[in-house]
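Coordinate analysis (summary)
One-letter residues, chain by chain:
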Amino acid sequence: MLDDARLGVLSLCAVYAIASIGLTLLTGKTGQVTMAMPFFMGVGAYGAAYFGAQLGLPFGFYTLLALAIGAGLGALTGFLSIRLGGDELAITTLGILMVGQYVFNEWKTVTGGESGISLRSASIALGPVDFAALGDFTRSQSMFWLTWGILAVAAYLAGSIVVFRPGRAMQAIHDSERSAEAVGVNVRSYKIQVSALAGGLGALAGVLYAVLQQFVSPTAFGISTSILLFAMIVIGGMGRVSGAILGAVVVWSAQQLIAQESQGPVLSLFLKTTESGPGLMTVGAFNILAYGLMIVLLLMYAPKGLVSLWDFGVAKWRRRAG
């Protein structure tokens, strides 16, 4: 069995995979570029902190509340996508992210401001099953099963949406809104619905992030997280639910490995452990550089992401086996 530290990394992989699935549906399938996904994650995380830790509501109830708020705010951003598109929509959603950062920092009675807020008192029990004390499991083991179980449900539902009529309508909107309208797709309605779904998934990821970390601060939901999520869906495979999961696992695991090895014999030669320390760049800057290089290489040699390499390998194996 993996130790608690590695289970914590895998649990966060599941959290970011849920947010990446929302971004995949909105950007990869529908073509609506948004930078605001960390804002929805923050809404979910602070919703968990307020409803769960401060008001003492049950886990299932405060999760549904946070999800509903995230979906409602997502629907509002969907109205923006009706009038805006492309660069204008991306810039507008970046503005939403910045407004969210201001609210998270200044609404101190709910968020705790820059100092953050603890969720140690928040319940994570679903009926008789308490994930804080699940049989002989440690908390890290319990949270691993909780996060990956919820990810499995989210991936199944998102995959079902993609396969059936809504998925075909989303792809039609992505390819050409005018052509989609010509074949009877209600573009306005689908944009709002997909934005609401993405907002809900982002808020769900935020709730799980909050209860997993037991602490929330505004720095977790800034522009760097938006870049991280985009790296995940591009590296994994744009427009594929499986690609979002694979990208989240690869990118987040790689980031944690770099952080762990930053003081090792190789990386310590050019990585700074502090802003003012010796070295060429910080660990965060090196991570962004690594994402960029990986994206460039994949776009050159595997434009459909890592999941396409998996598909190629499986197809080749089947041809040999057959």
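Every chain begins its residue count from 1, and numbering advances along the sequence as written. Thresholds applied to this predicted model are a pLDDT of at least 70 for local features of residues and 80 or more for the giving and counting of side-chain atom pairs; totals over whole chains, interfaces and linings are not thresholded and use all residues. Working from all heavy atoms in the structure, the side-chain values ignore hydrogens and water.

Turning next to the overall build of the protein chain. Strands here mean DSSP runs of E at least two residues long; helices mean DSSP runs of H or I at least four residues long; both are numbered from the N terminus. Of the regular secondary structure elements, the protein chain holds 13 helices and six strands. Our radius of gyration is a C-alpha quantity, and the globule rule it is checked against amounts to 2.2 Å times the number of residues to the power 0.38. Computed over C-alpha atoms, the radius of gyration of the protein chain comes to 20 Å, within 12% of the 20 Å expected from 2.2 N^0.38 for 322 residues, which places it in the range of a compact globule. Taken over the C-alpha atoms alone, the protein chain extends approximately 55 × 50 × 45 Å along its principal axes. Within the protein chain, the proportion of its 322 residues that are buried is 48%. Here the analysis covers contacts within the protein chain between residues at least 6 apart in sequence; of these, 75% occur between residues at least 24 apart. Both charge centroids of the protein chain, one from 18 positive and one from 14 negative side chains, sit 11 Å from each other. Here's how the labels work: a residue is buried when its accessible area is under 20% of the maximum for its type, exposed when over 50%, partly exposed in between, all with a 1.4 Å probe on protein chains only. Pairs of residues are marked as contacts when any of their non-hydrogen atoms sit within 4.5 Å. When charges are counted, Lys and Arg are positive and Asp and Glu negative, with His and the chain ends excluded. To locate a charge, the coordinates of NZ of Lys, CZ of Arg, CG of Asp or CD of Glu are taken.

Even without being glycine, Q214 reaches a positive phi, approximately 60°. Topologically, Q214 is positioned in the loop between α9 (187–213) and β4 (215–216). Residue class for Q214 comes out buried when judged on its relative accessible area of 17%.

Core analysis: the biggest nonpolar cluster contains 75 residues, and Y16, I21, Y62 and F221 have the highest contact counts within it. At twelve residues, the largest contribution of residues to this core is made by helix α1 (residues 4–29). Grouping buried Ala, Val, Leu, Ile, Met, Phe, Trp, Tyr and Cys residues that are joined through side-chain atoms within 4.5 Å yields what is termed a nonpolar core. A180, V185, V187 and Y190 belong to the second-largest nonpolar core, a separate cluster that totals six residues.

All right, on to the packing of helix α10 (residues 223–236) against helix α12 (residues 283–301) then. For every element, the axis is a line fit to its C-alpha atoms; helices are fit only across the contacting stretch, and the angle between N-to-C directions ranges from 0 to 180 degrees. Where α10 contacts α12, the axes come no closer than 10 Å and their chain directions differ by 25°. With respect to each other, α10 and α12 are oriented roughly parallel. Seen along the crossing, α10 lies across α12 with a hand that is left-handed. Along the contact surface, α10 presents L228, A231, V234 and I235, while α12 presents Y291, M294, I295 and L298. The residue makeup of the contact of α10 with α12, split by class, is eight nonpolar, no polar and no charged. Roughly parallel covers angles under 35 degrees, roughly antiparallel covers those over 145, roughly perpendicular covers 65 to 115, and oblique covers all other angles. Crossing handedness follows the turn of the near helix against the far one: under a right angle anticlockwise gives a left-handed crossing, and clockwise gives a right-handed one. Think of it as three bins: nonpolar holds Ala, Val, Leu, Ile, Met, Phe, Trp, Tyr, Cys and Pro, charged holds Asp, Glu, Lys and Arg, and polar takes everything else, Gly as well.

Now for the packing of aromatic side chains. Only centres within 6.5 Å qualify two rings of Phe, Tyr or Trp (six-membered ring in Trp) as a pair; their planes then separate them into stacked at under 30 degrees, edge-to-face at over 60, and tilted for everything else. Applying the stated criterion to the full structure yields eleven aromatic pairs. The interplanar angle of 65° and the centroid separation of 6.2 Å between the aromatic rings of Y46 and F221 together place this pair among those described as edge-to-face. Here Y46, found in helix α2 (residues 37–54), pairs with F221, found in the loop between β4 and α10; they are 175 residues apart in sequence, far enough to count as distant. A relative accessible area of 4% means that Y46 is categorised as buried. Judged by centre distance (6.2 Å) and plane angle (40°), the rings of F144 and W148 are tilted. Of this pair, F144 and W148 both sit in helix α6 (residues 139–163), four residues apart, which is roughly one turn of that helix. Residue F144 is classed as buried on the basis of its relative accessible area of 16%. Judged by its relative accessible area of 24%, W148 is partly exposed. Among the aromatic residues, those joined into a ring-pair cluster are F39, F40, Y46, F104, Y209 and F221.

Here the focus is a nonpolar patch on the surface. A contiguous nonpolar surface patch, about 440 Å² in accessible area, is contributed by V99, Y102, V103 and W107. Summarising the element assignment, V103 is placed in helix α4 (residues 86–106). Patch membership requires over 30% relative accessible area and the absence of a salt bridge. Like charges are linked within 9 Å, and nonpolar side chains (Val, Leu, Ile, Met, Phe, Trp, Tyr) within 5 Å. Using the Shrake-Rupley algorithm and a 1.4 Å probe, accessible areas are obtained, with residue cover drawn only from the displayed protein chains. The term salt bridge refers to a side-chain nitrogen of Lys or Arg lying within 4 Å of a carboxyl oxygen of Asp or Glu.

This paragraph deals with α12. Given the number of residues in a helix, its expected span is that number minus one, multiplied by 1.5 Å. With 19 residues, α12 should cover 27 Å at 1.5 Å per step; its first-to-last C-alpha distance of 27 Å lies within 8% of that length. Contacts made by the buried residues of α12 are with α10, α11 (241–261), β5 (271–272), β6 (281–282) and α13 (306–321).

On to the packing of α11 against α12. As a packed pair, α11 and α12 sit with axes 10 Å apart at the nearest point and diverge in direction by 140°. One finds that α11 runs oblique with respect to α12. As for the relative orientation of α11 and α12, their crossing is right-handed in sense. Contacts between α11 and α12 pair V251, Q255, I258 and A259 from the former with V283, F286, N287 and Y291 from the latter. Residues of the contact of α11 with α12, tallied by class, amount to six nonpolar, two polar and no charged.

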